[in-house]
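One-letter residues, chain by chain:
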Amino acid sequence: MTREQYILATQQNSLPRTDHPQFYPVGIYGWRKRCLYFFVLLLLVTMIVNLAMTIWILKVMNFTVDGMGNLRVTRKGIRLEGISEFLLPLYVKEIHSRKDSPLVLQSDRNVTVNARNHMGQLTGQLTVGADAVEAQCKRFEVRASDGGKVLFSADEDEIVIGADRLKVTGTEGAVFGHSVETPHIRAEPSQDLKLESPTRSLVMEAPRGVQVNAAAGDLKATCRKELHLQSTEGEIFLNADTIRLGNLPMGSFSSSSSFSSSSSPSSSAPRQTVYELCACPNGKLYLSPAGAGSTCQSTSNICLWS
């Protein structure tokens, strides 16, 4: 027996011996264990509820790999289907609809489209409201469907109408506050053309002449005071089968070749059926009965009377 074995055997014999050995419990028991199980069960229920809510939201919002709901993310941009509402400003480069459907912009108050430069300054604005449509820009243009021809343009200096025909359907016609420059004015077929100035004068001027044609009707010029036909370098040419000048003053014929101020021939003179058209030195015209000789030689009395 070695020394170590002898020491070990001696120590074992010296230890006290007990009939009932003692055991110490390891773990969680009692109310602590019940609380732990309760929290684990609550956590499990919360996880199940969260998972169910997540699946429900994905189903309702229609989440897919391409987008969410009516929103689809494509290579060309973002595509919205159906009705979409924007509560904050929308900044986009281009908005267009599908080829088979229109684009509708709707608002409870008005729809305003703004254009700004790189400095953030407002350069153009289009407002569609309940009362009016307003456009604020340097130049406003309306082009044809092909985008080439300008049908209407407006700026601070002038307004240009590029259509082949300007048609005004109002009962009062078109009212112009100042001059109008146009090469051609005509009415609709079977309709009358009327140029009128109720309180002022009506002037028609052209550097190479004014031509007024009535192919299938009458030409009527009416004024309150005087009607002037003036030609500075040429002549006034009246070409018609019959030229009538109504309401002209009429002189009387007598044997002494004197004129009276009455509007009909004297009862003593023979009744005349032929009259002469005489002109006064001041340009006024009158009718005179034609006798054996011309009565337009003595025009002093009738010219003063007329």
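Here the structure is a predicted model, which means the values were calculated and not measured.

**So, the overall build of the chain**
- Across its full length, the chain carries 3 helices and 11 strands.
- The linear arrangement of helices and strands in the chain, starting from the amino end, is α-α-β-β-β-β-β-β-β-β-β-β-β-α.
- Evaluated residue by residue, the chain yields a buried proportion of 7% over its 306 residues.
- Partitioning the intrachain contacts of the chain with sequence separation of at least 6 by distance along the chain shows that 15% fall at a separation of at least 24.
- Accessible surface, the chain: about 29,500 Å² in total, of which carbon and sulfur atoms supply 54%.

**Description of the sheet that holds strand β2 (residues 71-73)**
- Taken together, the 3 strands give an open sheet; going across it, the order is β1-β2-β3, and neighbouring strands pair in antiparallel fashion. Each edge of the open sheet carries a strand with a single partner, namely β1 (67-68) and β3 (78-80).
- Here β1 pairs with β2 via 2 bridges, running antiparallel. From the neighbouring strand, G67 faces β2, where its bridge partner is R72.

**Thoughts on the sheet that holds strand β5 (residues 122-128)**
- Taken together, 3 strands build an open sheet; the order of strands is β4-β5-β6 and the sheet is antiparallel. Edge positions in the sheet fall to β4 (111-116) and β6 (133-136), since each has one partner strand and no second. This sheet shows a mean twist of 10° between the axes of neighbouring strands, independent of strand direction.
- With 4 bridges joining them, β5 and β6 adopt antiparallel strand pairing. Opposite V128, over in β6, you have V133 as the bridge partner.

**Structural notes on the layout of surface pockets**
- For the second largest pocket, the calculated volume is near 2,400 Å³.
- Around the second largest pocket, the lining comprises 43 residues; the ones closest to its centre are L80, F86, L90, I95 and L105.
- Mapped by element, the contributors of at least two residues to the lining of the second largest pocket are β3 and β4.
- If you tally residues by element for the lining of the second largest pocket, the top one is β4, at 6 residues.
- Looking at which domains feed residues into the lining of the second largest pocket, each of domain 1 (27-93) and domain 2 (105-137) supplies at least three.

**Remarks on the pairing of β4**
- Relative to β5, β4 runs antiparallel, the two being bridged by 6 bridges. Each residue of the ladder has a partner; that of A115, found in β5, is G124.
- Remark: 5 residues form the turn of the hairpin made by β4 and β5, two consecutive strands paired antiparallel; G120 in that turn has positive phi of roughly 85°.

**A short note on the packing of aromatic side chains**
- Across all of its chains, the model carries 2 aromatic pairs by this definition.
- Here the aromatic rings of F38 and F39 are separated by 5.8 Å at their centres, their planes lie at 65°, and the arrangement is edge-to-face.
- Exposure remark for F38: the relative accessible area of 51% places this residue in the exposed category.
- On the numbers, 6.5 Å between centres and 65° between planes, the contact of F140 with F152 is edge-to-face. In this pair, F140 is assigned in strand β7 (residues 140-143) and F152 in strand β8 (residues 150-154), connecting sequence segments 12 residues apart.

**Regarding the pattern of salt bridges**
- Summed over all chains, the structure comprises 5 salt bridges.
- In this structure, R139 engages E141 in a salt bridge whose closest nitrogen and oxygen atoms are separated by 2.7 Å.
- Exposure remark for R139: the relative accessible area of 41% places this residue in the partly exposed category.
- Across the salt bridge formed by E196 and K194, the nearest N and O atoms sit 3.5 Å from each other.
- Through salt bridges that share partners, R139, E141, R143 and D155 make up one connected network.

**Concerning the side chain of S153**
- Within the element layout of this structure, S153 appears in strand β8.
- One polar contact links S153 to R139, side chain to side chain, over a distance of 3.2 Å.
- Setting aside anything within four residues of it in sequence, one finds S153 in contact with R139, F140, E141, E158, I159 and V160.

**As for the side chain of T127**
- Examined against the element boundaries, T127 turns out to sit in strand β5.
- The class of T127 is buried, set by a relative accessible area of 16%.

About the criteria used
Residues numbered from 1 in each chain as written. Predicted model: local features only at pLDDT ≥ 70, side-chain atom pairs only at ≥ 80, totals over all residues. Heavy atoms only, no water. Helix = DSSP H or I, 4+ residues; strand = E, 2+ residues; numbered from the N terminus. Buried < 20%, exposed > 50% of the residue type's maximum accessible area, 1.4 Å probe, protein only. Contact = heavy atoms within 4.5 Å. Areas by Shrake-Rupley, 256 points an atom, 1.4 Å probe, with all protein chains shown as cover. Pairing = 2+ DSSP bridges. Axes fitted to C-alpha atoms, helices over the stretch in contact; angles between N-to-C directions. 1 Å grid on protein atoms, 1.4 Å probe; cavity = no way out; pocket = protein on both sides within 12 Å on 5 of 7 lines; lining within 4 Å. Points joined across faces, edges and corners; volume = space filled by probe spheres on them. Domains from an automatic or database assignment. Phe/Tyr/Trp six-rings, centres within 6.5 Å; stacked < 30°, edge-to-face > 60°. Salt bridge = Lys/Arg side-chain N within 4 Å of Asp/Glu carboxyl O. Polar contact = N/O pair within 3.5 Å; in protein donor to acceptor, adjacent residues only side chain to side chain.

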